[in-house]
Amino acid sequence: MSKELIYKLLWSTIEDYVGLWELLWETNSISSSSTSDIELAKRVLLYFIEAGLVNLYYDKWGNDQLVEIGLQESIEIININKYWSPPDINDFCVKVGSTQKGEKYYNEELIEDI
């Protein structure tokens, strides 16, 4: 898996809170993997969650009322396919935001191969 992809996805979470579907779009834009892009995006996100680089949040699309999701539930949510598709207005969705540790890993290029 390319570090380019990992850093691009991590940057997306630093720049703003992004939906899971947006991480998939980013993955699609640069992936050259034989693995399906959604599985690749899930793998990177799982790494980010387990390393404490990002947090997941529930949001009601269009209202920006983020509610942080706990670690165990976050790990389970990444396997729920409906959250990887763009939501309709007022639908619940899952967004990702970096932690301070995530920003440090990005800025100091501390990401390891996964």
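Criteria and thresholds
- Residues numbered from 1 in each chain as written.
- Predicted model: local features only at pLDDT ≥ 70, side-chain atom pairs only at ≥ 80, totals over all residues.
- Heavy atoms only, no water.
- Phe/Tyr/Trp six-rings, centres within 6.5 Å; stacked < 30°, edge-to-face > 60°.
- Helix = DSSP H or I, 4+ residues; strand = E, 2+ residues; numbered from the N terminus.
- Buried < 20%, exposed > 50% of the residue type's maximum accessible area, 1.4 Å probe, protein only.
- Pairing = 2+ DSSP bridges.
- Salt bridge = Lys/Arg side-chain N within 4 Å of Asp/Glu carboxyl O.
- Axes fitted to C-alpha atoms, helices over the stretch in contact; angles between N-to-C directions.
- Parallel < 35°, antiparallel > 145°, perpendicular 65-115°, else oblique.
- Left-handed = near helix turned anticlockwise from the far one by under 90°.
- Contact = heavy atoms within 4.5 Å.
- Nonpolar A, V, L, I, M, F, W, Y, C, P; charged D, E, K, R; others polar.
- Expected span 1.5 Å × (residues − 1).
- Arc of directions from axis to C-beta.

Colleague: Any chance you could break down the packing of aromatic side chains for me, citing the residues and the numbers?
Modeller: The geometry of an aromatic ring pair is captured by two quantities: the separation of the ring centres and the angle between the planes. By the definition in use, this model includes six aromatic pairs. Residues Tyr-17 and Tyr-57 carry aromatic rings whose centres are separated by 5.3 Å and whose planes lie at 85 degrees to one another, so their mutual orientation is edge-to-face. Of the two residues, Tyr-17 sits in the loop between helix H1 (3-15) and strand S1 (18-19) while Tyr-57 sits in strand S2 (residues 54-60), which places them 40 residues apart along the sequence. Judged by relative accessible area, Tyr-17 falls into the partly exposed class, the value being 37%. An aromatic cluster is present here, built from Tyr-7, Trp-11 and Tyr-106 joined pairwise through their rings.

Colleague: Would you mind going over the sheet that holds S1 in detail, with residue names and values included?
Modeller: The strands that make up a sheet pair up through hydrogen bonds in the backbone, lying either parallel or antiparallel. Ordered by their spatial adjacency, four strands build an open sheet running S1-S4-S2-S3, and the pairing between neighbours is antiparallel. Every other strand in the sheet has two partners, leaving S1 and strand S3 (67-69) as the edge strands with one partner each. Relative to strand S4 (residues 92-98), S1 runs antiparallel, the two being bridged by two bridges. Paired with Val-18 across the two strands is Val-96, which belongs to S4.

Colleague: Tell me about the pattern of salt bridges, residues and numbers included.
Modeller: Summed over the entire model, instances satisfying the criterion amount to three salt bridges. The shortest N-O distance in the salt bridge between Glu-26 and Lys-8 comes to 3.2 Å. Here Lys-8 lies in helix H1 and Glu-26 lies in helix H2 (residues 20-30), a separation of 18 residues in the sequence. Exposure remark for Lys-8: the relative accessible area of 30% places this residue in the partly exposed category.

Colleague: Tell me what's going on with the pairing of S4, and back it up with residues and numbers.
Modeller: Within S4, six of the seven residues are buried, which leaves it mostly tucked inside the rest of the structure. In this sheet, S4 lies alongside S2 in antiparallel orientation, the contact comprising seven bridges. Among the inter-strand pairings, Asn-55 is bridged to a residue of S4, identified as Gly-97.

Colleague: Describe the packing of H1 against helix H3 (residues 37-50), naming the residues involved and giving the relevant values.
Modeller: Packed helix pairs are characterised by how far apart their axes lie and by the angle those axes make with each other. Orientation of H1 relative to H3, taken along the N-to-C sense of each, is 65 degrees, at an axis distance of 11 Å. Here H3 runs roughly perpendicular to H1, going by the angle between their axes. As H1 runs across H3, the sense of the crossing is right-handed. Residues Leu-5, Ile-6, Leu-9 and Leu-10 of H1 form the contact with H3, whose participating residues are Leu-40, Val-44 and Phe-48. Here the contact of H1 with H3 is composed, by residue class, of seven nonpolar, no polar and no charged.

Colleague: Tell me about H1, and please be specific about residues and values.
Modeller: In this model, H1 (13 residues) spans 18 Å end to end at C-alpha, consistent with the 18 Å of a helix rising 1.5 Å per residue. When we look at burial in H1, the residues that qualify are Leu-5, Ile-6, Tyr-7, Leu-9, Leu-10, Ser-12, Thr-13 and Ile-14.

Colleague: Report on H2, specifying residues and quantitative values.
Modeller: What H2 keeps buried is the set Leu-20, Trp-21, Leu-23, Leu-24 and Thr-27. Mapping the buried residues of H2 onto a view down its axis gives an arc of 155 degrees, with all of them on the same face.

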